[in-house]
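Each chain, letter by letter, is given below.
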Amino acid sequence: PEGYPMADLNVLRISRDTETSSTLVRHRAQLEDYDARHGRQVAAWVEDATVSGAVNLDERKSLGVYMREPLVHTWDTMKVVTQDRITRDDMHWWGFVGWCLKNSKTIIITDDPGFDISTEDGRMIAGIKAAQAAKYRRAVQEKRNDQLQYYREHDLWPGGKWPFGYRAVRDLEHKGELRYRLV
């Protein structure tokens, strides 16, 4: 719309941000470098730290506001380092692609210069990549569930915050070493 400069929405997302994680810092630097090399204007930076790729885009605390009035008109291109930073849910992906086409938005994936949702072939390739990201997310979930099941079966505590009324005690021998359990 008139009165709004057309510019990029630079998006950062990470599922689990820890003090030792450098992903957000590295991705920000990569996007800044891309902007400088290509003379891109940036409307805003969006950072969703500790947001799963399974959460729909419009439901994210930081990104969601840019997908609704009035901020939806402040940008025309979403830019990310890799496609899976947008979503790791293939059905959310297809909804987002439809939304982009309907709202005249484009997407830049800096590590994929051939990325293009404006053509059928481009959408097909992006869809395959979205399905691969969804498959990876599901494999990670299954691995974590298997790990938690193993811990439960062996009375081991997996770490993190313990439930109210419990505490972690390191007194359980498991495979030759002392492990924590909840008491």
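Everything here concerns the structure above.
Residues numbered from 1 in each chain as written. Predicted model: local features only at pLDDT ≥ 70, side-chain atom pairs only at ≥ 80, totals over all residues. Heavy atoms only, no water.

Colleague: Looking at this structure, I do not really get the pattern of salt bridges. What am I missing?
Modeller: Side chains that differ in sign of charge can pair as their charged atoms come close. Per the counting criterion, the structure on display carries eight salt bridges. Asp8 is the salt-bridge partner of Arg40, the closest N and O atoms lying 2.7 Å from each other. Here Asp8 lies in strand β1 (residues 8-14) and Arg40 lies in the loop between α1 (23-38) and β2 (42-49), a separation of 32 residues in the sequence. Residue classification places Arg40 among the partly exposed residues on the basis of a relative accessible area of 29%. With a shortest N-O distance of 3.2 Å, Arg85 and Asp84 are connected by a salt bridge. Exposure class is identical for Arg85 and Asp84. Each is buried. Salt bridges here are not isolated pairs; linked through shared partners, they connect Asp8, Asp35, Arg40 and Lys79. (Salt bridge = Lys/Arg side-chain N within 4 Å of Asp/Glu carboxyl O. Helix = DSSP H or I, 4+ residues; strand = E, 2+ residues; numbered from the N terminus. Buried < 20%, exposed > 50% of the residue type's maximum accessible area, 1.4 Å probe, protein only.)

Colleague: Could you clarify how one ought to interpret the packing of aromatic side chains in this entry?
Modeller: Scanning the model with the defined rule gives five aromatic pairs in all. The interplanar angle of 55° and the centroid separation of 6.2 Å between the aromatic rings of Trp93 and Phe96 together place this pair among those described as tilted. Of the two residues, Trp93 and Phe96 are both situated in helix α2 (residues 90-102); the distance of three residues between them amounts to about one turn of the helix. Accessibility classification places Trp93 together with Phe96 in one group, the buried group. Pairing Trp93 with Phe115 gives two aromatic rings, centres 6.1 Å apart and planes at 70°, and the pair type is edge-to-face. Placement of Trp93 in helix α2 and of Phe115 in the loop between β4 (106-109) and α3 (120-153) is noted, with a sequence separation of 22 residues between them. Across this residue pair, the class does not change: Trp93 and Phe115 are buried. Directly above the aromatic system of Trp45 lies the positively charged group of Arg28, at a separation of 4.3 Å from the ring centroid. Note that Lys105 overlies the ring of Trp75, its terminal NZ or CZ placed 4.4 Å from the centroid. (Phe/Tyr/Trp six-rings, centres within 6.5 Å; stacked < 30°, edge-to-face > 60°. Lys NZ or Arg CZ within 6 Å of the ring centre and 35° of its normal.)

The values are spatial; any link to function lies outside them.
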